[in-house]
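# Structural characterization, general
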Amino acid sequence: MTLPQDSTVRHETVLKAPTPASTLREWASPADRRVRIAKTLEFGPLGEELGMGHWGVVYALESPWVVKITVDPTEAPMWSKLGTLDPLLMAGLARSARIVRLLPDMPFEMEEFPVFAIVREEADMFLAQVPGVVPSERTLQELGQAGFNRVRYALGKYKVNAELYHNENGAWNNVEPSVRVRSSIEGMLNYAEKLMELPGAELLGGTLYHLTSKGIALRDVHLNNIGWRKYEIPEMGRLPSGLMVTDPGHTPTRFSMARPIPAYAVNR
Ligand SMILES: Nc1ncnc2c1ncn2[C@@H]1O[C@H](COP(=O)(O)OP(=O)(O)O)[C@@H](O)[C@H]1O
Ligand SMILES: [Mg+2]
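Residues numbered from 1 in each chain as written. Chains lettered and ligands numbered in written order. Predicted model: local features only at pLDDT ≥ 70, side-chain atom pairs only at ≥ 80, totals over all residues.

### Section: the site of ligand 1
Near ligand 1, the surroundings consist of 25 residues, among which G51, G53, G56, V58 and D247 are the closest. If you list the elements that add at least two residues to the shell around ligand 1, you get β1 (49-52), β2 (56-60), β3 (65-70) and β6 (123-125). Per-domain counts for the shell around ligand 1 show at least three residues from each of domain 1 (7-122) and domain 2 (125-245). (Near = placed C-beta within 6 Å. Helix = DSSP H or I, 4+ residues; strand = E, 2+ residues; numbered from the N terminus. Domains from an automatic or database assignment.)

Written as structure tokens, this is what we have:
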């Protein structure tokens with residue numbers, strides 16, 4: 001029997017495979033491009049990297065703003081749609097100030113991905129920035145371990161129902177909804193209501209409830225995609241502190257034409 005080759009090496013190769021986000025980080029890294037991105041956005045210089053997910057990278061701007069640069073094709077159209085809704089009902093969502101497309105597109109594997117930038121309010125993230133499900137300091141301060149577990153449970157259930165809804169083509173299908181679609185909508189409303197009853201999660205629950213009742217089921221609201229409001233931003237109308245969605249992406253959307261998204265070249 002031949003022994004397998006060194007498995008550690010193979011494992012590392014898998015872990016290091018580029019993701020859309022790590023490729024985007026390279027795309028955004030040349031100093032002259034960073035300056036052009038900042039000039040285009042007009043929210044101060046592009047600062048330190050605050051985090052990276054699968055599709056996007058987030059950078060600091062002038063307080064209270066950050067910018068998410070992403071190749072998730074659904075996120076910018078979703079932000080643009082959400083920006084047309086009543087700001088008070090959207091208090092459980094980070095506020096956005098600018099949505100643009102940046103050119104050139106980003107090559108990844110065999111495709112070219114449109115790049116979008118969304119300027120949104122900075123949050124204290126719900127989880128600590130370490131591997132695993134670990135509450136952040138602010139989360140423990142606000143909720144304690146028991147409150148953390150309750151939010152985790154209700155949000156997890158909301159997400160399961162949102163996935164079921166999208167798997168049943170709920171986002172596209174305006175004709176007779178199937179029993180499973182109806183029960184997933186009831187499930188989302190039910191767990192959004194449960195969130196509304198949990199101290200700290202009232203705004204988050206209220207916004208998810210309102211969106212669900214309008215037929216907008218955010219498919220990927222998990223613990224890495226929520227955070228605490230950090231700034232009041234009085235010029236946008238004061239909002240109370242609380243948990244909010246920071247990343248409404250990864251959701252099949254019929255809103256690609258909600259508002260035209262302006263495009264700017266950042267390569268020259
Ligand atoms: N509004 C924000 N304020 C501060 N940090 C943020 C904010 N939004 C995202 N981040 C950080 O950036 C990371 C990636 O952002 P996210 O929008 O979830 O990207 P992806 O679409 O790739 O999942 C988050 O996990 C978080 O650490
Ligand atoms: Mg995310």
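### Structural notes on the sheet that holds strand β7 (residues 226-229)
Ordered by their spatial adjacency, three strands build an open sheet running β6-β7-β8, and the pairing between neighbours is antiparallel. At either margin of the open sheet sits one strand with a lone partner, and together these are β6 and β8 (243-245). Each strand of the sheet is rotated relative to its neighbour by a mean of 50°, with strand direction disregarded. Here three bridges tie β6 to β7, and the two strands are oriented antiparallel to one another. In the strand pairing of β7, M125 is matched with G227. Sheet strands in contact with helix α7 (residues 202-213) are β7 and β8, and its direction is about 35° off that of β8. (Pairing = 2+ DSSP bridges. Axes fitted to C-alpha atoms, helices over the stretch in contact; angles between N-to-C directions. Contact = placed C-beta atoms within 7 Å.)

### A look at the environment of P64
Locating P64 in the fold gives a position in the loop between β2 and β3. Judged by the 18 C-beta atoms lying within 10 Å of it, P64 is partly exposed. In the structure, P64 is positioned 56 residues away from R120 in sequence and 8.4 Å away in space, judged by C-alpha atoms. When near neighbours in sequence (up to four residues on either side) are disregarded, P64 contacts E121, E122, K230, Y231 and I233. (Buried ≥ 20, exposed ≤ 12 C-beta atoms within 10 Å, placed from the backbone.)

### Description of the domain arrangement of the protein
According to the domain assignment, the protein consists of domain 1 (7-122) and domain 2 (125-245). The distance between the C-alpha centroids of domain 1 and domain 2 comes to 21 Å. With 13 residues of domain 1 in contact, the opposing surface of domain 2 contributes 18 residues. Residue classes in the side of domain 1 that touches domain 2 are distributed as seven nonpolar, three polar and three charged. (Nonpolar A, V, L, I, M, F, W, Y, C, P; charged D, E, K, R; others polar.)

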